[in-house]
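Topology and contacts: notes
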Amino acid sequence: MFKAPSDDSLTTISGPADCRVTVCHSIQDISRADWQRLAGPDNPFLRYEFFQALEQTGCTARETGWHPSHLVLHQQDRITGIIPAFLKNHSRGEYVFDFAWAQAYERYGQPYYPKLVSAVPFTPSQGPRLLLDEQLRRTLDGPGIQDLLDLVIRQLGAHSWHLLFPDDQDQQLLEHENQLHRLGCQFHWHNRGFNCFDDFLGELTSRKRKSIRKERRQVAEQGITFARLHGHEIPDHVLAAFYVFYQATYLKHGQHPYLNRRFFEQLQATMPEHLHLIMAVKDGEMIAGALFLSSDTTLYGRYWGCLEEYSHLHFETCYYQGIELAIELNLQTFDAGAQGEHKLVRGFEPVLTHSWHGIDHPGFHDAIEAFTFEEAEHVRRYYADAVSVLPFRQDNGAG
């Protein structure tokens, strides 16, 4: 395990565009007003309170291998940019998989860790990663961002940097030919003005429509009903029951959960307007749960669990109930998480995701560049194949 620098060992670095870059090892060292001014109020995963909850409950800490190392950009004594980032000694919880890269380094006796990761921990959702004011965004370009991050990792003693799941605006700024770019594919549901679940079903082919209705009917025939709860109206005992289910998802695979119960409690206390919980009930007892967060436009399905398996319960709780919740909240998009081809036949459409990487070692840089180029071709073909088998009627223009 690498020895992380002490919190007071890093001060400022001279960066491009007359920037001074401070590395902050706690979000408490950044004012909420500055963070929110640059992050905006909409995306729940970029809220100051979200990062604060992760840190204060010990989910992101040096001990967990998520050492906060947020980059704060100053111009003329004013904060004009923040890049949320973590110094890491492992690759877990990122959802852009570089385990093979780390193994290759190890085979050749080279250190892969520590690495600097700009991401929302444990959250494979696209969103802002470069929180820049408009003037600085106009000044910087792709090579400028690369030079800045290259400078930071050398100062930190890291061997690479990784910027995961940027949104379209950041993607335009990052994109240039000399950078390592990876593609991924997720599946998102889109609300086309639906007033109810049956409106959505009406967009599907007859066979897929019947299949989904059959799955939902089989869940109901098992005597399972659902309750939707929001924000502060979620009782303590319900949140506690959900956490047991969430924990079980990891324990079934021999893993410890990334998030602890205190994190969810703090999220409810500080961000209730973004929080939604769907609980499955059978014979008066809660048997499963799924927790969602929302922005003004998007529902994010993130955490799920159950103790016993029931036919189609996962699909109903996480997807069909999620679709109904998105319609109820009048949201345009439902991002139900990473991967999952099973979402495709249930009306979720393929979406390309992106990540950008800076590799300090010249030999490994060239090898990884060749890999990312070949991988991108596979992902593009996969995306095209997924579009070709979408379950929508051909006369409705969906997809």
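A brief look at the structure comes next. Keep in mind the model is a prediction, meaning the values are calculated, not measured.

Attention now moves to the overall build of the chain. Scanning the chain from terminus to terminus reveals twelve helices and 16 strands. Taking 399 residues into account, the globule formula puts the C-alpha radius of gyration at 21 Å, and the chain, at 22 Å, falls close to it. Taking the principal axes of its C-alpha atoms as reference, the chain extends roughly 65 × 45 × 45 Å. With 399 residues in all, the chain has 59% of them scored as buried. For the chain, restricting intrachain contacts to residue pairs at least 6 apart in sequence, the fraction spanning at least 24 positions comes to 75%. Total accessible area on the chain is roughly 17,600 Å²; 48% of this is exposed by carbon and sulfur atoms. Of note, the chain has its 36 positive side-chain charges centred 5 Å away from the centre of its 51 negative side-chain charges.

Attention shifts here to the side chain of S160. Relative to the assigned elements, S160 resides in strand β9 (residues 160-164). In terms of polar contacts, S160 uses its side chain to reach the side chain of H162, at 2.7 Å.

If you look at the biggest cluster of nonpolar residues, it comprises 44 residues, and the most contacted ones within it are F50 and F264. Looking at this core, the elements with two or more residues in it are α1 (32-39), α2 (48-56), β5 (78-83), α9 (236-251), α10 (261-270), β12 (275-282), β13 (285-294) and β14 (298-306). Here the element with the most residues in this core is α9; it accounts for eight residues. With sequence-adjacent residues up to four places away left out, F264 is seen in contact with L239, F242, Y243, Y246, L259, L291 and Y303. Counting residues in each nonpolar core, the second largest holds 41 residues, with W189, L201, L299 and A386 among its members.

Right, let's get into the packing of α2 against α10. Put simply, α2 and α10 touch, their axes get as near as 9 Å, and they point 150° apart. On the basis of the axis angle, α2 is roughly antiparallel to α10. Two packed elements cross with a definite hand, and for α2 against α10 that hand is right-handed. Touching E49, F50, Q52, A53, L54 and Q56 of α2 are R262, F263, Q266, L267 and T270, all from α10. For the contact of α2 with α10, a count of residues per class yields five nonpolar, four polar and two charged.

Attention now moves to α2. Within α2, eight of the nine residues are buried, leaving the element largely enclosed by the surrounding structure. Within the sequence span of α2, burial applies to Y48, E49, F50, F51, Q52, A53, L54 and E55. Remark: G58 follows α2 within two positions and exhibits a positive phi of approximately 80°.

With that settled, consider a nonpolar patch on the surface. A contiguous nonpolar surface patch, about 260 Å² in accessible area, is contributed by Y95, F97 and F99. When you line up the elements, Y95 lands in the loop between β6 (86-88) and α3 (99-107).

Our next topic: the pairing of β9. Burial analysis of β9 places five of its five residues in the buried class, the great majority of the element. Side-chain alternation along β9 places S160, H162 and L164 on one buried face and W161 and L163 on a second face that is also buried. As paired elements, strand β7 (residues 115-118) and β9 share three bridges and run parallel to each other. Residue pairing for β9: S118 is matched across the bridge by L163. Of the pairings in the sheet, the one linking β9 to strand β16 (residues 349-359) comprises five bridges and is antiparallel in character. Looking at β16, one finds that W161 is bridged to G358.

Glancing now at the packing of aromatic side chains. Considering all chains together, one arrives at 36 aromatic pairs under this definition. Centroid distance W66 to F86: 5.4 Å. Interplanar angle 80°. Geometry classified as edge-to-face. Placement of W66 in strand β3 (residues 66-68) and of F86 in strand β6 is noted, with a sequence separation of 20 residues between them. The class for W66 is buried, based on a relative accessible area of 2%. Centroid distance F197 to Y320: 5.9 Å. Interplanar angle 75°. Geometry classified as edge-to-face. Residue F197 is located in helix α7 (residues 197-201), and its partner Y320 is located in helix α11 (residues 313-328); the two are separated by 123 residues in the primary sequence. Taken as a pair, F197 and Y320 share a single burial class, namely buried.

One pass over the structure, following the stated rule, counts zero disulfides. No disulfide involves C24; its sulfur sits 14 Å from the nearest other cysteine sulfur, which is in C19. Accessibility expressed as a relative area gives 8% for C24, which makes it buried.

Our focus in this paragraph is the pattern of salt bridges. For the structure shown, the criterion picks out 24 salt bridges. A salt bridge links E375 to R182; the shortest N-O distance between them is 2.7 Å. Here E375 is found in helix α12 (residues 362-388), whereas its partner R182 is found in strand β10 (residues 180-190), with 193 residues between them in sequence. Judged by its relative accessible area of 7%, R182 falls in the buried class. Where R380 meets E377, a salt bridge forms, and the shortest distance between an N and an O atom there is 3.1 Å. Placement of both R380 and E377 in helix α12 is noted, with a separation of three residues, approximately one turn of the helix. A relative accessible area of 32% means that E377 is categorised as partly exposed. One network of salt bridges, with partners in common, ties together R216, R228, E316, E324 and E328.

About the criteria used
- Residues numbered from 1 in each chain as written.
- Predicted model: local features only at pLDDT ≥ 70, side-chain atom pairs only at ≥ 80, totals over all residues.
- Heavy atoms only, no water.
- Helix = DSSP H or I, 4+ residues; strand = E, 2+ residues; numbered from the N terminus.
- Rg over C-alpha atoms; globule rule 2.2 N^0.38 Å.
- Buried < 20%, exposed > 50% of the residue type's maximum accessible area, 1.4 Å probe, protein only.
- Contact = heavy atoms within 4.5 Å.
- Areas by Shrake-Rupley, 256 points an atom, 1.4 Å probe, with all protein chains shown as cover.
- Lys, Arg positive; Asp, Glu negative; His and termini not counted.
- Charge placed at Lys NZ, Arg CZ, Asp CG, Glu CD.
- Polar contact = N/O pair within 3.5 Å; in protein donor to acceptor, adjacent residues only side chain to side chain.
- Core = buried A, V, L, I, M, F, W, Y, C linked by side-chain atoms within 4.5 Å.
- Axes fitted to C-alpha atoms, helices over the stretch in contact; angles between N-to-C directions.
- Parallel < 35°, antiparallel > 145°, perpendicular 65-115°, else oblique.
- Left-handed = near helix turned anticlockwise from the far one by under 90°.
- Nonpolar A, V, L, I, M, F, W, Y, C, P; charged D, E, K, R; others polar.
- Patch = residues over 30% accessible without salt bridge, like charges linked within 9 Å, V, L, I, M, F, W, Y side chains within 5 Å.
- Salt bridge = Lys/Arg side-chain N within 4 Å of Asp/Glu carboxyl O.
- Pairing = 2+ DSSP bridges.
- Phe/Tyr/Trp six-rings, centres within 6.5 Å; stacked < 30°, edge-to-face > 60°.
- Disulfide = S-S within 2.5 Å.

Any link to function would need more than the numbers given here.
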